[in-house]
Every structure is written in structure tokens, then in C-alpha cells.
There are 2 protein chains.
Amino acid sequence: MMAFSEQMEADLSMIEPVLRRCFQDREPRAGLYEAMTYSLLAGGKRIRPILTLETCRMCGGNPEQALPFACAVEMIHTYSLIHDDLPCMDDDDLRRGRPTNHKVFGEAMAVLAGDGLLTAAFELALSARDLEPGRMVAATACLAAAAGDRGMVGGQALDIAAEGRGISQKELEQLQTLKTGALISAAAEIGCIVAGGSREQREAVSLYARKLGRAFQIRDDMLDVEGDEKTLGKTVGSDNANEKATFVTMLGLNACRDVVSRLTEEAVSALSQFEHPEFLHRLAETLIDRKK
Amino acid sequence: MMAFSEQMEADLSMIEPVLRRCFQDREPRAGLYEAMTYSLLAGGKRIRPILTLETCRMCGGNPEQALPFACAVEMIHTYSLIHDDLPCMDDDDLRRGRPTNHKVFGEAMAVLAGDGLLTAAFELALSARDLEPGRMVAATACLAAAAGDRGMVGGQALDIAAEGRGISQKELEQLQTLKTGALISAAAEIGCIVAGGSREQREAVSLYARKLGRAFQIRDDMLDVEGDEKTLGKTVGSDNANEKATFVTMLGLNACRDVVSRLTEEAVSALSQFEHPEFLHRLAETLIDRKK
């Protein structure tokens, strides 16, 4: 088996060219493609598409078949960041070390870049070749459910409503489960669906991903407090400035560290039925040690 | 064969309950569903879903099978209106006789209501039952292509860029073909795809729909000048106030009337290969005679 970092590189070298080529030969649309690719190719960590490829591999599938879905998930993640940063939402100026989309292209184009990426995600998913149509439908339906009102968009709505008012830890957990957990879980499940994995396998990778997603989100909140703006590439302390409830403001940094460790252990144990969970073990550990 | 208006009623009585029930049993999400249904159930003419049901019927298919797609098209149309009305886009206060979405629910929720409807459209399309997965993939892919960067979203981008500067008639035609024509064409094609129609049939209904879409758009521009705000339910003269290029400002009202008649005739002749094109003939004629 390939070493972790080599495998990571191999996955990225599948993902990046697809994302780069996606809108390359299109007729110009008044700067729309510039706005879409500005955010899509802004150097994200690509955790979600890597999850899709790796759960597909772990369930015995061919990661090439999961590649369009993996990139579709990343497009949806990117669109959500663009809309989330808008002045009427979180009003952020900096993302991944660069000005946010609307700062460069204006608000109208940022709205459209998000709309375009969300729609392109479904186009890309439905363009997957050599995959049985039934699996294609199931994988794309999983993506839509996670991204929509019962998933990510619903979480965003709760997030907006929570701003500036006190919410309970339970409410915060629900909010984050929807806002970030649902898409991360779908990323993992889709790889399993493409591979033709069993129901038990799908449930296991989903549990892993939900635990990982929660750990990741809490780590994110921690970095917003203790992180360094330059390393992080986004405005530090913005949660506090926006009066956002986070696990850090609720539990404090030390308790957060414990929760993250526990969630990571639980994520790892969720994969006990698989023969080769090593990559996803290492991925979970790497993500909680990250500095950005 | 049923009379035109009875058939229209029968179609609407299939479409409306699906749209009404769509988000009925969902857990509350801080007003998200209120915002989504406010616009979805605002009494649109439902031309697009009617087209989907009727091309399906005309191609020998079962309209029940096309129903989820028909309603998905209407969701995408509705989301595009919500985002189009935003202050950073057309900044409209009135739509279908009521305050626009962001006027009631705020900008952030209006962005999310649009995102939610766009995503829900794909969820709904992919939930179609008793339909061969291959056709489901083809129909949903057609919807995504028409709604996205090479279709509606691309047209919106051109539209934003065109505001306040002079554009040629050719540019205006391209803009409107993308912004409104693409989705109307897809509405018609999807019915044909669900029915398992031939390539010739798909091309014919697409041509009909594109001609109809152009006639409809020009009629819309005419109504913006000559219409009555109360009948129309939206701000009259807003194109002029926004310095928007329209066919009316370009050709004048009289020439527009001629173009609309010609396009309607061309739409009708596109259907010559079908045994029962009567409904779609009448639909085209009705739409250009409309007062709102």
C-alpha cells in the first residue's frame, strides 16, 4: 500500500486537473467563468473529494468512476463558501488568503458564480461515464439531499438565525451537523455508492465522516481563536466579531481539544469492518493536527 | 380530446399539489421553508411545467412520470426570480403582485431560499419513480445544462454586464436565449425524454419552445412598457429605470408585435410532425395575447 502522503498526492493529481479543465473551453460569459474558477481553484484542502475517492477505493470500487462526483462535491462546497461570504451573509473579506469572491467580482457576479457552481456540480455528476445509471441516480440524489434544505442550506438558515443571539450547545450541534456535516457525510457515502458498497459499509463511512466533520468544525472554531491570520488565510476572530456562538465560546479551548480527540477516535473505530482503513485513519489524525 | 382550458386546468391540478406538498412535512429551519414556499406558491403561470407535461403527452408518454421533472423546472424558474430580484441584481420590490422575497425575508434568507429551491429541484427530479434510470439521468442532465453556466446562469451574467451600456440586437438575442430560452427549451425537451421520444421529436419540441420563449420574452418587454402595474403585479417601467436594453427600446412596439406574430407562427410550424399538436398551438397563441 502507498504511503499516506503519496496517496494524498495521487488523489489530488486526479482531482485538480478535472477542476482546472471544467470550464476551460467555454465561451466567455462576461466574467462568470473567471469568478467561478477564482474560488474553485483557490487552493482548498480538497478533503471532501479525497474522501469520495478513498471511500470508493476502500469499498472495492474504481476511484476513476467516483471522480466526477468527488469534484461535484468540491464545487458545492465552493459555492457555499462564496454565498456564505456575501455581505448579506457573513460579510467576510478574506478567504484562503485572498479577497473573497464578491470583493473581486462584485456581489451580483458572486451570487451567480455560486449558482453556476451549484448547477455545474449536478451537470458534472450526471456526466459520469461507464457507471450504471441506477448508481448514478443514487449518488447524485445523495449529493442533492445533503446540499439542500434538509442539509447544508438548512444549516445555513439556522446559522443566520443564530447570529447575535444565544443558542444552546444542542442547537449549535444541529446547526453544524447540517451546515458542514451533511456534505462531508455525503462525500464519503457517494464513494461507497459508486463502488456498489453494502448498506453497512455506507452507514460506516457516513458515521466516520460525521465524526470527522464535527472534529473538523470544532478545530476550525479553535483556529479562529488561536490561529495566525497569515497561516490561516482568513480573518481571525471573525466569529467573535460576528457574535457567533462556537464550541470555543461555549466550552473553552481545553474542553474543545478533548472533544476533538474523542471524535477522532470514534471516527477511526467506525471503520473497523474494513480491511484497509489506514488512509482514512491517517486523514482523521492529520486533520485535527492541522494549523490551518 | 379535451378542450384547451380544461386540459390546462387538468395539468395545473397535477402540478400545484406537488409544489404545495413539497416542503410540507419538513422540520422548521428558521424560516427557510416559509421563504421558499412564499415564492414557489406565488401564483406563477406554470408555463414551464405545463410544457413538460404536454410534450410528454404529445410524444406518447405518461405525464405522471414527467411530473417531478415538471415541478423541478418550476423550482429552478422560481429560484432564478428570487436571485434576480436581489438588491445586488435587478433590485426589484414587486413580483407577481407581492413584495419580492428579500423584501419579506431579508437578503440572506432570499439567497438561501434560491439556493434551496435550486437544490430541491434536483432532489425532486431524482426522486421520480417507475422511470428507467437512464432516462432519469438524461432528463436531469438536460435540466442542469439548461439552468447552468451555458444556459440560464450564463444569460444572467451577460444581463448584468449589459446593464447601463448599449448592446446590439444580436447580443440581446443571445442574452435572452440563454437567460429565458434555455430553461423553456429544457422544459419541453424533458417531457420528450421522459416519454422516450425520438431525436427528431426532441429537436422539434426544442425549436417550438425556443421560438415560444423568444416571443414570450418580447411580449414581456412590451408589457413592461404598455402594461398596467396592477394587472401585471410587478413594477412597470423598471427596464427603462434600470437602463435595460430590450427589444422595445431597440425596435419599437409595432415592430415587436410583428416579431412576436412571426415567432408564434414558426413555433406552431415546428410541431408539424406530431399527430396532436393542438394544445401546444393554443398555448403559443394564448401566451402572446396575454395581458400579464
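Up top is the structure these notes are about.
Here the structure is a predicted model, which is why all the values come from computation and not from measurement.

1. Concerning the packing of helix 6 (residues 107–125) of chain A against helix 7 (residues 133–147) of chain B
So, step 1. Following both chains from N to C, one finds helix 6 of chain A and helix 7 of chain B inclined at 150°, their axes separated by 9 Å at the closest point. In this structure, the crossing between helix 6 of chain A and helix 7 of chain B has a hand that is left-handed. Facing helix 6 of chain A, whose interface residues are A:Thr119, A:Phe122 and A:Glu123, helix 7 of chain B presents B:Ala144, B:Ala145 and B:Ala147.
So, step 2. Taken together, the residues that form the contact of helix 6 of chain A with helix 7 of chain B break down as four nonpolar, one polar and one charged.

2. Side note on the relation of the copies chain B and chain A
So, step 1. Rotating chain B by 180° and translating it 0.0 Å along the rotation axis places it on chain A, where the RMSD comes to 0.0 Å. Interpreted geometrically, this transformation is the action of a two-fold axis. The C-alpha atom lying nearest the rotation axis in chain B is that of B:Pro133; the distance is 2.7 Å.
So, step 2. Both copies present the same face, since 100% of the interface residues in chain B are matched by interface residues at the equivalent positions in chain A.

3. Examining the packing of aromatic side chains
So, step 1. Counted under the stated rule, the structure contains seven aromatic pairs over all chains.
So, step 2. Seen from their ring centres, A:Phe122 and B:Phe122 are 4.3 Å apart, and the 15° between their planes marks the pair as stacked. Of the two residues, A:Phe122 is situated in helix 6 and B:Phe122 in helix 6 (residues 107–125); the pairing between them involves two chains. B:Phe122 shares its class with A:Phe122; the two are buried.
So, step 3. A ring pair is formed by B:Tyr38 and B:Phe105, whose centres lie 5.3 Å apart and whose planes are at 75°; its orientation type is edge-to-face. In this pair, B:Tyr38 sits in helix 2 (residues 32–40) while B:Phe105 sits in helix 5 (residues 101–105), placing the two residues 67 residues apart along the sequence.
So, step 4. Taking the ring centre of A:Tyr38 as reference, the NZ or CZ of A:Arg98 above it sits at 3.9 Å.

4. Remarks on the nonpolar core
So, step 1. Residues A:Ile76, A:Tyr208, B:Ile76 and B:Tyr208 are the most contacted members of the largest nonpolar core, which totals 174 residues.
So, step 2. Not counting residues up to four positions away in its chain, the partners in contact with B:Ile76 are B:Leu118, B:Ala121, B:Phe122, B:Leu143, B:Ala147, B:Met152 and B:Leu183.
So, step 3. Core analysis: the second largest hydrophobic core is formed by 16 residues, A:Ile167, A:Cys256, A:Val259 and A:Val260 among them.

Thresholds, definitions, all that
- Residues numbered from 1 in each chain as written.
- Chains lettered and ligands numbered in written order.
- Predicted model: local features only at pLDDT ≥ 70, side-chain atom pairs only at ≥ 80, totals over all residues.
- Heavy atoms only, no water.
- Axes fitted to C-alpha atoms, helices over the stretch in contact; angles between N-to-C directions.
- Helix = DSSP H or I, 4+ residues; strand = E, 2+ residues; numbered from the N terminus.
- Left-handed = near helix turned anticlockwise from the far one by under 90°.
- Contact = heavy atoms within 4.5 Å.
- Nonpolar A, V, L, I, M, F, W, Y, C, P; charged D, E, K, R; others polar.
- Least-squares fit on C-alpha atoms with pLDDT ≥ 70 in both.
- Phe/Tyr/Trp six-rings, centres within 6.5 Å; stacked < 30°, edge-to-face > 60°.
- Buried < 20%, exposed > 50% of the residue type's maximum accessible area, 1.4 Å probe, protein only.
- Lys NZ or Arg CZ within 6 Å of the ring centre and 35° of its normal.
- Core = buried A, V, L, I, M, F, W, Y, C linked by side-chain atoms within 4.5 Å.

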